[in-house]
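As a plain string of letters, each chain reads:
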Amino acid sequence: FEDSSTIVTIDKEVAEPTDTPGIYLLNANMNVVSGTGVYDGATGHLSAHGTMDFSGMLPAASFEIRGAVSSPSAE
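Reference entry: report on the structure contained in this document. (Residues numbered from 1 in each chain as written. Predicted model: local features only at pLDDT ≥ 70, side-chain atom pairs only at ≥ 80, totals over all residues. Heavy atoms only, no water.)

**A look at the pattern of salt bridges**
Link 1 in the chain: Scanning the entire structure with this criterion turns up one salt bridge.
Link 2 in the chain: In this structure, the salt-bridge partner of Arg66 is Glu64, at a minimum N-O distance of 2.4 Å.
Link 3 in the chain: Judged by relative accessible area, which is 56%, Arg66 ranks as exposed. (Salt bridge = Lys/Arg side-chain N within 4 Å of Asp/Glu carboxyl O. Buried < 20%, exposed > 50% of the residue type's maximum accessible area, 1.4 Å probe, protein only.)

And the structure:
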């Protein structure tokens, strides 16, 4: 984040191949376990859904993240 705060997660990610070579669907569940700065003591859950593209010279990913994060220091 701009103020150097961080959020730390423990993730489980699954990538499934599609009918297009090198393109994978990405689904991730992320448990927020800690943070720093304004997110010190953060908890919560996030999920990500999108794609990963390994078909070009450089891998690329595009995904949307949704969920909720609570932080005692932000209150």
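Read on, since the account is not over.
**Digging into the packing of aromatic side chains**
Link 1 in the chain: Counted according to the given criterion, the structure contains two aromatic pairs.
Link 2 in the chain: Each ring, one from Phe1 and one from Tyr39, has its centre 5.0 Å from the other, and the planes form 40°; the classification is tilted. Of this pair, Phe1 sits in the segment before strand S1 (6–17) while Tyr39 sits in the loop between strand S2 (23–36) and strand S3 (43–53), and the two are 38 residues apart along the sequence.
Link 3 in the chain: When its relative accessible area of 23% is taken as the criterion, Tyr39 is described as partly exposed.
Link 4 in the chain: Note on Tyr24 and Phe54: the rings are 5.8 Å apart at their centroids and 80° apart in plane angle, and the pair reads as edge-to-face. On the criterion of sequence distance, the pair formed by Tyr24 in strand S2 and Phe54 in the loop between S3 and strand S4 (60–70) is long-range, its members being 30 residues apart.
Link 5 in the chain: Among the residues examined, Tyr24 registers a relative accessible area of 27% and is labelled partly exposed. (Phe/Tyr/Trp six-rings, centres within 6.5 Å; stacked < 30°, edge-to-face > 60°. Helix = DSSP H or I, 4+ residues; strand = E, 2+ residues; numbered from the N terminus.)

**Quick word on the sheet that holds S3**
Link 1 in the chain: Pairing in this open sheet of four strands is antiparallel, and the strands run S1-S2-S3-S4 from one edge to the other. Two strands bound the open sheet, and with one partner strand each, they are S1 and S4. Taking each pair of neighbouring strands and ignoring which way they run, the sheet shows an average axis angle of 20°.
Link 2 in the chain: Sheet topology places S3 next to S4; eleven bridges connect them, and they run antiparallel. Across the sheet, the residue bridging to Met52 is Ala61, located in S4. (Pairing = 2+ DSSP bridges. Axes fitted to C-alpha atoms, helices over the stretch in contact; angles between N-to-C directions.)

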